[in-house]
Amino acid sequence: MTPVFRSFGFGAMIAALPLFGHAQEAAPTLDLEFRPPDVAFDPICVARPPDDEITQFWGAWDREVLPTIDPAFVKRDLKRLQQIDARTWFATVDAMITLLAEQDPGFAGQNALLTRILAMEAAGKFTELEQLGLVPQLAEMAGASSARIQNALSRFYRDGVGVSRDVEKADELLVAAGFLGNADALLALSKMTLEGATPKGWDVPVDLAVTMAFGGLVGELNETICDRTARIAREYHNGEIVTADTQLAHDWYRFTADLGDAYAAWKVVEYHIRAEGFVKDNATLLKYLNQAADAELPFAQIELGRLYQAGSLVEQDLDRALTLFRAAAATGERPGLTRVALFLEEYRDRYPEHEAERLAALRAISALPDAPGWVFTRLAQNVIDTQGRWEGESEAIALLEEATRRGDMDGTTRLAMMLIAKRSTAEEFERAVDLLSRSVSVHGGVTPSKRLAAAFLCQAVDSPRLAEAAHWRGLEEATASANIDLPVHRLIQLTPEANPHEIAVIQSQALYGRPTSLASWLKYLDYAPFANDEMRLFWEGYSGRYSDVLKALAKLELELANSRDERLAAFDLLRREYRQSGAPAALELARALLDYETADDASQDEIFALLEEPAAAGIGAAIQLIAGLTASESEARQVYERYADIIERNGDFDALVFAVPFVEGAQRELYLSRAVGVMPCDYKNVMAMAALAEKLGDHDQVLHWLDIAGHLLGGNAWAMTDLAENKLAALGSEAAEEARALFARAYELGDGTAARGLFDLAIDDSVPTYDPAQAIAMIKAAADSEEVDVLRGFLGRYRKASDAVRAEVETRLDLPQIYLVAARHGDIYSMRAYGQFLQANAVDGRDLAQSTEWLRKAAEGGDTTAMAEYGEALAFGIGTAADPDAAILWLERAAAGGSRKATEIVTLVRLSRGS
């Protein structure tokens with residue numbers, strides 16, 4: 001006999017279950033504690049197949065004869081097909097009802113008719129339902145007085161489904177169903193009573209009615225019990241009749257899950273994930289999550305897979321995670337496919353052989369009606385990765401157009417940049433600007449601000465468009481989205497007291513995932529007094545989510561490295577990044593080895609091997625390095641020919657700049673346009689374009705790029721000096737005033753090279769900036785502050801000035817004193833000059849002795865003229881004891897250096913000695 005939980009007299013039920021309840025006046029819900037039986041039962045509920053299995057099975061059915069399966073399963077699938085899509089599956093459901101009524105006498109008659117009415121209602125066939133008069137037929141059939149039928153008829157009359165709306169009749173039917181113990185009717189009547197709308201003839205207390213309803217739902221222990229007990233859980237969850245009680249809802253779902261219902265098991269998991277209203281228990285969560293996943297519920301498989309992926313609550317097992325994600329994806333639904341695609345993307349280095357599977361998942365998602373935009377962005381990137389930036393341009397743009405239509409910001413930005421790179425029409429450029437602007441204003445993007453500034457300054461056909469570029473650069477600065485680029489020695493000295501803003505910006509950008517900022521933050525935490533091991537471990541784990549962090553960190557380590565071991569540790573970081581991300585990191589490692597290589601650090605062969613992969617990928621910096629390691633222009637052409645195909649398909653800015661001199665005509669114009677279209681708009685790359693234009697003999701383009709470079713200086717003193725020198729080289733005296741202003745700004749920022757450039761302009765009497773007074777002031781200032789390197793540069797340039805300029809300076813400046821300052825700090829020329837001055841103006845033997853001593857120091861420092869002067873002093877005893885042998889030695893050295901005077905004097909000395 002089937003076990004029974006209740007008797008129809010309700011007293012036994014109330015005695016068997018803990019019950020505490022009473023109606024509260026004016027309360028919208030009933031406080032009622034109705035607990036599940038504290039008894040363990042074996043699972044009895046039959047798990048429903050996955051939706052795709054149900055739809056595939058019934059989609060292949062011929063609608064002629066029912067399959068040989070349990071009629072209960074037919075009814076179950078019938079209901080599920082209506083829930084999935086009642087309109088689409090109506091013909092199938094209708095045939096199922098007809099054949100089931102013929103096969104199962106217990107289903108025929110009123111049950112079949114009620115099921116058909118519900119199917120037509122779900123499919124929206126209201127007019128046909130009313131025309132056929134099915135609801136009145138149901139009301140008139142034998143057995144229509146059953147509680148279930150009366151409850152259904154009550155709703156049809158109340159809502160006007162298949163009949164004219166009749167609330168009074170609906171109430172009568174509902175009350176009748178309630179007195180017959182129908183749980184749905186009892187709960188509906190209780191809700192009406194709580195809302196103050198008790199139907200006529202209903203006088204059962206709410207607490208008793210709800211208890212009767214819940215007791216009726218528990219009922220017999222059979223395969224449908226899980227649907228009934230889950231209903232009790234939902235009532236406690238929703239809180240529309242009984243007061244919401246998270247713990248009771250959880251407990252009823254758990255009871256239902258223990259009876260074998262996988263969906264209830266998932267609900268238990270949800271409660272523990274949220275942990276609202278009761279204490280979370282991880283063991284319980286895992287138990288029911290595994291139950292739901294074993295029952296092939298995709299959302300449970302995904303959640304369990306995520307736990308295995310993260311190593312949260314369970315030991316990390318990436319293979320197990322992938323297996324679970326694949327199982328969820330087998331339904332063909334978006335969540336499972338998404339997890340497979342993103343997992344294989346994140347762990348591409350671990351599962352490189354599954355790239356085709358990742359792409360298949362992306363394509364499957366893209367075919368769904370609700371496919372997200374990011375899928376098309378990734379597919380576009382795959383086109384670029386496999387076909388090349390230029391060869392795959394059209395296909396990639398089409399995919400990015402779809403990503404943009406679906407609202408993906410990354411796809412929108414990439415589309416805009418590809419349109420800018422095409423540089424085909426003004427309309428395309430303006431559309432790209434519009435897309436980037438929308439990314440900022442609608443989606444809140446900050447990176448597009450930087451790209452807009454670059455587009456207007458460098459890439460517009462009529463660039464530079466300074467007003468627009470300034471607007472977007474200002475917005476980037478206002479949002480603090482520009483990277484803070486600090487030298488590592490400055491970075492590690494930041495303190496919360498003195499540098500709170502810089503620290504906050506670096507941390508925020510690190511959290512945003514910028515590799516350079518993440519590397520800076522990781523390195524800062526190594527020195528920050530407030531950092532602890534827990535904080536460092538968190539950020540190390542967080543940085544693992546993003547590419548290029550190790551590469552950026554290695555650069556910082558190399559800047560800090562003071563020993564071979566420290567450099568080798570930085571190389572190891574780059575090698576780890578190389579193993580993970582390939583070509584870009586290989587380039588950085590090769591650069592590092594070139595900059596810091598020692599005989600036992602790396603071989604030339606290793607450097608060439610490292611450069612091969614990025615060069616073969618079209619990364620121009622690697623191609624340029626390979627060419628730079630060759631010996632001649634012909635060998636450089638051979639390097640171009642070796643990589644010509646990849647440059648044509650996928651060449652980046654550096655690759656295109658390298659290739660342009662080796663191509664002609666339309667191909668040269670195309671490569672030039674492509675280079676401008678993809679160039680990072682910064683000072684270095686703009687000057688690369690200027691240098692290329694100079695190499696091609698295009699003076700107008702040289703000036704164009706030099707003009708743009710002037711707007712990219714920022715506070716970079718080196719760039720100011722470099723631009724000034726290039727302006728002078730391109731325009732000569734015409735650029736003197738502008739160059740002087742640039743040198744002056746750089747000089748104020750402490751750039752010694754700029755000081756020398758400013759001095760050159762002041763002592764050159766052929767340019768408008770000629771100003772001997774300024775030159776004299778600069779010499780005095782350098783001497784007074786004992787900036788010897790700067791002073792040495794001034795004196796060297798002064799010596800090369802015209803006779804007239806030197807004469808004017810000498811009349812207004814105490815040069816011997818200036819020479820003395822420089823000489824005392826080791827300047828060889830000043831030693832010789834000061835010695836010559838003392839010798840020429842000596843008033844006694846002490847002056848001559850000092851002059852000879854300075855000449856000796858200059859000679860020993862390698863100055864040829866000083867060797868000759870000192871040799872002469874030794875030969876004739878000027879300011880020192882005569883020493884013919886030593887004199888001949890120094891004079892011969894000077895003669896070998898080209899001194900005619902030394903040759904003449906050594907001849908005289910030898911003649912005087914008769915040798």
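Everything numeric in this text was worked out from a predicted model, so none of it was measured.

Trainee: Any chance you could explain helix α28 (residues 515–525) here in plain terms?
Mentor: The α-helix winds at 3.6 residues per turn, so residues separated by three or four positions along the chain end up facing the same way. With nine of 11 residues buried, α28 is to be regarded as a mostly interior element. All buried positions along α28 are accounted for by Ser-517, Leu-518, Ala-519, Ser-520, Trp-521, Leu-522, Lys-523, Tyr-524 and Leu-525.

Trainee: How should I be thinking about unusual backbone geometry in this particular structure?
Mentor: Along the chain, Ser-463 connects to Pro-464 via a cis peptide bond; the corresponding omega equals 0°. Tracing the sequence through the fold places Pro-464 in the loop between α24 (447–459) and α25 (466–478). Backbone geometry places Leu-313, a non-glycine residue, at a positive phi of 75°. With respect to the element layout, Leu-313 can be found in the loop between α16 (298–310) and α17 (318–329). Among the residues examined, Leu-313 registers a relative accessible area of 39% and is labelled partly exposed. Positioned with a positive phi, Arg-423 is a non-glycine residue whose angle comes to about 50°.

Trainee: Whenever I open this one, the state of the cysteines confuses me. Can you help?
Mentor: A complete count under the given rule lists two disulfides for this structure. Across a sulfur-sulfur distance of 1.7 Å, Cys-45 and Cys-226 are joined as a disulfide pair. What sets the handedness of the Cys-45 and Cys-226 disulfide is the S-S torsion sign, and at about 90° it is right-handed. You can see Cys-45 sitting in the loop between β2 (31–34) and α2 (51–59) and its partner Cys-226 sitting in helix α12 (residues 225–238), a full 181 residues away along the chain. Disulfide pairing places Cys-458 opposite Cys-681 at an S-S distance of 1.9 Å. Its torsion about the S-S bond being 65°, the disulfide of Cys-458 and Cys-681 is classed as right-handed. Within this pair, whereas Cys-458 is found in helix α24, its partner Cys-681 is found in the loop between α37 (665–678) and α38 (683–696), the two being separated by 223 residues in sequence. On the accessibility criterion, Cys-458 (1% relative accessible area) is buried. Counting its disulfide-bonded cysteines in sequence order, the protein chain shows a connectivity of 1-2, 3-4.

Trainee: Is there a simple way to explain the packing of helix α20 (residues 373–387) against helix α22 (residues 409–422) in this structure?
Mentor: Packed helix pairs are characterised by how far apart their axes lie and by the angle those axes make with each other. One way to put it is that α20 packs onto α22 with a least axis distance of 9 Å and a crossing angle of 40°. Taken together, the axis directions place α20 and α22 in an arrangement best described as oblique. Contacts between α20 and α22 pair Thr-377, Gln-381 and Ile-384 from the former with Asp-410, Gly-411, Arg-414 and Met-418 from the latter. Here the contact of α20 with α22 is built from residues that sort into two nonpolar, three polar and two charged.

Trainee: Any chance you could explain the packing of aromatic side chains here in plain terms?
Mentor: The geometry of an aromatic ring pair is captured by two quantities: the separation of the ring centres and the angle between the planes. Within this structure, the stated rule accounts for 22 aromatic pairs. Both rings, one in Trp-252 and one in Phe-255, keep their centres 5.7 Å apart while their planes meet at 85°; by these two values the pair is edge-to-face. A residue pair is termed a helical-turn pair when its members lie 3 or 4 positions apart in one helix, as Trp-252 and Phe-255 do in helix α13 (residues 246–258) at three residues. This pair shows no difference in class: Trp-252 is buried, exactly as Phe-255 is. Judged by centre distance (6.5 Å) and plane angle (50°), the ring pair of Tyr-263 and Phe-299 falls under tilted. One end of the pair, Tyr-263, is in helix α14 (residues 262–274); the other, Phe-299, is in helix α16, with 36 residues separating them in the sequence. Taking the relative accessible area as the measure of exposure, Tyr-263 reaches 27% and is therefore partly exposed. Using a relative accessible area of 36% as the deciding quantity, one classes Phe-299 as partly exposed. Here the aromatic residues Phe-34, Phe-214, Tyr-236, Trp-252 and Phe-255 are joined through ring pairs into a cluster of three or more. The ring of Phe-90 is capped by Lys-125, whose NZ or CZ atom sits 4.9 Å from the centre of that ring.

Trainee: Just checking my understanding: could you explain the side chain of Gln-309 for this structure?
Mentor: Tracing the chain through its elements places Gln-309 in helix α16. By relative accessible area, Gln-309 is classed as buried at 8%. Polar side-chain contacts of Gln-309 include one of 3.2 Å to the side chain of Glu-346.

Trainee: Sorry, what's going on with the side chain of Ser-449 here?
Mentor: One can find Ser-449 in helix α24. Accessibility expressed as a relative area gives 2% for Ser-449, which makes it buried. In this structure, Ser-449 is in contact with Val-440, Trp-472, Leu-475 and Glu-476, ignoring residues within four places of it in sequence.

Trainee: What is the right way to look at the environment of Pro-67 in this model?
Mentor: By the element assignment, Pro-67 lies in the loop between α2 and α3 (71–85). On the accessibility criterion, Pro-67 (17% relative accessible area) is buried. C-alpha of Pro-67 to C-alpha of Met-96: the two residues are 29 residues apart in sequence and 9.9 Å apart in space. Discounting chain neighbours no more than four positions away, the residues touching Pro-67 are Phe-57, Trp-58 and Trp-61.

Trainee: Even after reading the chapter, I still don't get the pattern of salt bridges, so can you show me in this structure?
Mentor: Any two side chains of opposite charge can pair if their charged atoms end up close together. Enumeration according to the criterion identifies 41 salt bridges in this entry. Notably, a salt bridge pairs Glu-468 with Arg-465, separated by 3.1 Å at the nearest N-O pair. One network of salt bridges, with partners in common, ties together Glu-345, Arg-348, Glu-355, Arg-358 and Arg-378.

Trainee: I keep staring at the nonpolar core and nothing clicks. Help me out?
Mentor: Nonpolar side chains tend to gather and get buried jointly when the protein is soluble and globular. Counting 223 residues, the largest nonpolar core has Val-210, Phe-214, Tyr-236, Phe-343, Ile-647, Met-689 and Leu-791 as its most contacted members. For this core, the element with the highest residue contribution is helix α11 (residues 206–218), accounting for eight residues. Ignoring sequence-local partners within four residues, the contact set of Tyr-236 consists of Leu-32, Glu-33, Phe-34, Phe-214, Val-242, Thr-243, Ala-244, Asp-245, Leu-248, Ala-249 and Trp-252.

Procedures and definitions
- Residues numbered from 1 in each chain as written.
- Predicted model: local features only at pLDDT ≥ 70, side-chain atom pairs only at ≥ 80, totals over all residues.
- Heavy atoms only, no water.
- Buried < 20%, exposed > 50% of the residue type's maximum accessible area, 1.4 Å probe, protein only.
- Helix = DSSP H or I, 4+ residues; strand = E, 2+ residues; numbered from the N terminus.
- Disulfide = S-S within 2.5 Å.
- Axes fitted to C-alpha atoms, helices over the stretch in contact; angles between N-to-C directions.
- Parallel < 35°, antiparallel > 145°, perpendicular 65-115°, else oblique.
- Contact = heavy atoms within 4.5 Å.
- Nonpolar A, V, L, I, M, F, W, Y, C, P; charged D, E, K, R; others polar.
- Phe/Tyr/Trp six-rings, centres within 6.5 Å; stacked < 30°, edge-to-face > 60°.
- Lys NZ or Arg CZ within 6 Å of the ring centre and 35° of its normal.
- Polar contact = N/O pair within 3.5 Å; in protein donor to acceptor, adjacent residues only side chain to side chain.
- Salt bridge = Lys/Arg side-chain N within 4 Å of Asp/Glu carboxyl O.
- Core = buried A, V, L, I, M, F, W, Y, C linked by side-chain atoms within 4.5 Å.

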